[in-house]
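A structural walkthrough
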Amino acid sequence: MKKKILIMGILSGVLLLLIIAVAAAGREHTLGSGANPVSALAAGAEASDGKRAGRDLDREPEFAPFSVIDDGHALPDNQEYTGLVCNIKDSLSETISVTFPDGEVREEEVSTMNLNNIRFSVPKGGSRCFGVPVFSTEYYAEGEWEQEQEWHDVTGIDCPEFNEGMETARALIREGYFQKDLEEFLLQIPEINPLEREYTLRLTRGGRTDREEDDTSWWELDYILTTTADNKEVVPVATLDITKVIKAQGWEPMDDAHCRIWTAESGYWRLLEDGAADLGEIWISQVQGEDFSDADTVRSYVENAGADFDRLLPAGADRKIKWERREEKVGWYNYLVWKGITDTYEVTLAIPLMEPEAGGWYMASRIRKEARQKEMCEDTLLTMMQTFRLEDSVYFVQKGDTLWGIYKGYMNENECGFREFVDYNGIRPPGLIYPGQRVWLPGR
C-alpha cells in the first residue's frame, strides 16, 4: 500500500512539473512575441548554443595596444616658464561699423577683448577659446553644441604607483599603465567607433615646480591621446594631466598622485562631421621670438614655412598648398595677406606689420573646401583685422598719413577735438609727422 502511494506521489509531482513548464513556456513565448523582437532573438540564440552565447557575453572589447611616445628626455627639476603668456581681460559687448570688401559698411554686434598687449573684436555667436597666447573662435553647426555638451566628461584616477616620482610614472605609462582606463573612457563615445581605431598617447610637457613664496612643490605630466581620421589628420580624443603634490605650504600631503582624463569633444565632432557643414575656425596667435615689422622679413618667413606656418593646418593634413599674396591697409595696420588651398582646406593668413617690439602676431582662418557657408568665417576674420590693435591705443604713422587724416579716421570729434588731439601728442606746428612715429589716441 505504501509503495502504491509513493508511486502515485512521484507521478503527481512529475505531472505538476510538466504543467508549470508548459505554462512558463507559453508566457515566455507571449512576452517574446510582443514589443521586443531583438530580445527574443537573443534569447533564442542563447538557448540554442548556451556555451557560445556565454563566451560572447563575457568577452571584453578588444583594443589594439596604444602606442606611447615619450623619448625619455629629462624634464625640468624646477621649471620656470619663460615663454609666451596669456593675459585676458573681460570682454565688452558693443556695436561697431565694419567695412566689407564690396565697400558696404554694416553695423555689427561684437565682443571686444584684450589678449596680452592687443585688443580686437569678434562678431557675436561663436565660441571662445584662449591658449598661450592664442584666441580662437568657431561657429557651431546644427546640433554640434548640444552634442559636445553631452560628450563632455572628466574622469579622475588615483595612481599610488606614481608616488615615487615622475620617472617612475613615465616608465609605467610607457608600459601601458593607462591602457584599460583609456579603453573604458573611449567606450563611452560609441559614435566614433572606438574599437576600430588605433591610438597614440604622447607626452606633451611636464616637470617639477618649487614655489618658494608659499613653500609648495609638485610635479606634473601632460599627455594627449590621438587617433587618425579618414583623411589622415591626427585628431585628439582625450587629454591627461597627472599631478603629485609633494609639499603644500610646508606640509607633506598624504594624497596619492592623481590623473584626470578629459574628453576632446571637438575632436569627436571632427571625426563625424560632414565637411559641407563646416563653418570654419578663426584665430589670433603669436609666433614666439619673431619680429613681424618688416615686409621683406615677413614674406621670407612665410614663404619658407609654407603650410607648416605655426598651427595653420592640423597635424597629418595635406601640406601641399598654393599661395596667393596681397598687401592691403585694413584698420590700424598694413597687412600681408596670403590665401591658400590644399586638397582639404581653404586657409587665409593675415600678418599686420607692427612695430619691432610688438611681437609676431598674426590672424588666420581655416575652412573645408566643400563647406556650403563660408561667409561667416570670412566676415569674422575681416572684423578681427579691422579692430586688431595695440591695447594702449597707439597708432604708428604709415607713409602718406597726415595728422588730420589720423584724427578723422580714429577719433570721435565729440569726445576729443583736433586741437586737444594735437596737444595730447605734443606735436608742434606745422604738425609734421613721419612713418613709424607713435601717435597716441586719447580715450580709445
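In the block above lies the structure referred to throughout.
Residues numbered from 1 in each chain as written. Predicted model: local features only at pLDDT ≥ 70, side-chain atom pairs only at ≥ 80, totals over all residues. Heavy atoms only, no water.

Thoughts on the pattern of salt bridges
Under the defined criterion, the tally for this structure stands at 23 salt bridges. Note that arginine 299 is salt-bridged to aspartate 296, the shortest N-O span being 2.3 Å. Note that arginine 299 and aspartate 296 are positioned in helix 8 (residues 295–305) at a spacing of 3 residues, about one turn of the helix. Between lysine 374 and glutamate 346 there is a salt bridge whose closest N-O contact spans 2.7 Å. Here lysine 374 is found in the loop between strand 16 (360–368) and helix 9 (375–387), whereas its partner glutamate 346 is found in strand 15 (residues 345–352), with 28 residues between them in sequence. One connected set of salt bridges, linked through shared partners, spans Asp70, Glu167, Arg170 and Arg174. (Salt bridge = Lys/Arg side-chain N within 4 Å of Asp/Glu carboxyl O. Helix = DSSP H or I, 4+ residues; strand = E, 2+ residues; numbered from the N terminus.)

Some words on the sheet that holds strand 9 (residues 216–228)
Adjacent strands of a sheet form backbone hydrogen bonds with each other and so pair up, either parallel or antiparallel. In spatial order, the strands read 1-8-9-10-11-7; together these 6 strands make up an open sheet with mixed pairing. Two strands in the sheet have a free side with no partner beyond their single neighbour: strand 1 (67–69) and strand 7 (154–158). With direction set aside, neighbouring strand axes in the sheet form an average angle of 20 degrees. Along the sheet face, helix 7 (residues 265–272) touches strand 9, strand 10 (234–247) and strand 11 (258–263) and points at about 165 degrees away from the line of strand 10. (Pairing = 2+ DSSP bridges. Axes fitted to C-alpha atoms, helices over the stretch in contact; angles between N-to-C directions. Contact = heavy atoms within 4.5 Å.)

A word on helix 5 (residues 166–174)
If you check which residues of helix 5 are buried, you get Met166, Ala169, Arg170 and Ile173. Mapping the buried residues of helix 5 onto a view down its axis gives an arc of 100 degrees, with all of them on the same face. Looking at the buried residues of helix 5, the elements they touch are strand 1, strand 8 (200–211), strand 9 and strand 10. At the C-terminal side of helix 5, glycine 176 shows a positive phi close to 100 degrees. (Buried < 20%, exposed > 50% of the residue type's maximum accessible area, 1.4 Å probe, protein only. Arc of directions from axis to C-beta.)

Looking at unusual backbone geometry
If you check the backbone angles, glutamine 249 has positive phi at about 50 degrees while not being a glycine. By secondary structure assignment, the location of glutamine 249 is in the loop between strand 10 and strand 11. Unusually for a residue other than glycine, aspartate 310 sits at a positive phi of about 40 degrees. With respect to the secondary-structure elements, aspartate 310 resides in the loop between helix 8 and strand 13 (322–330).

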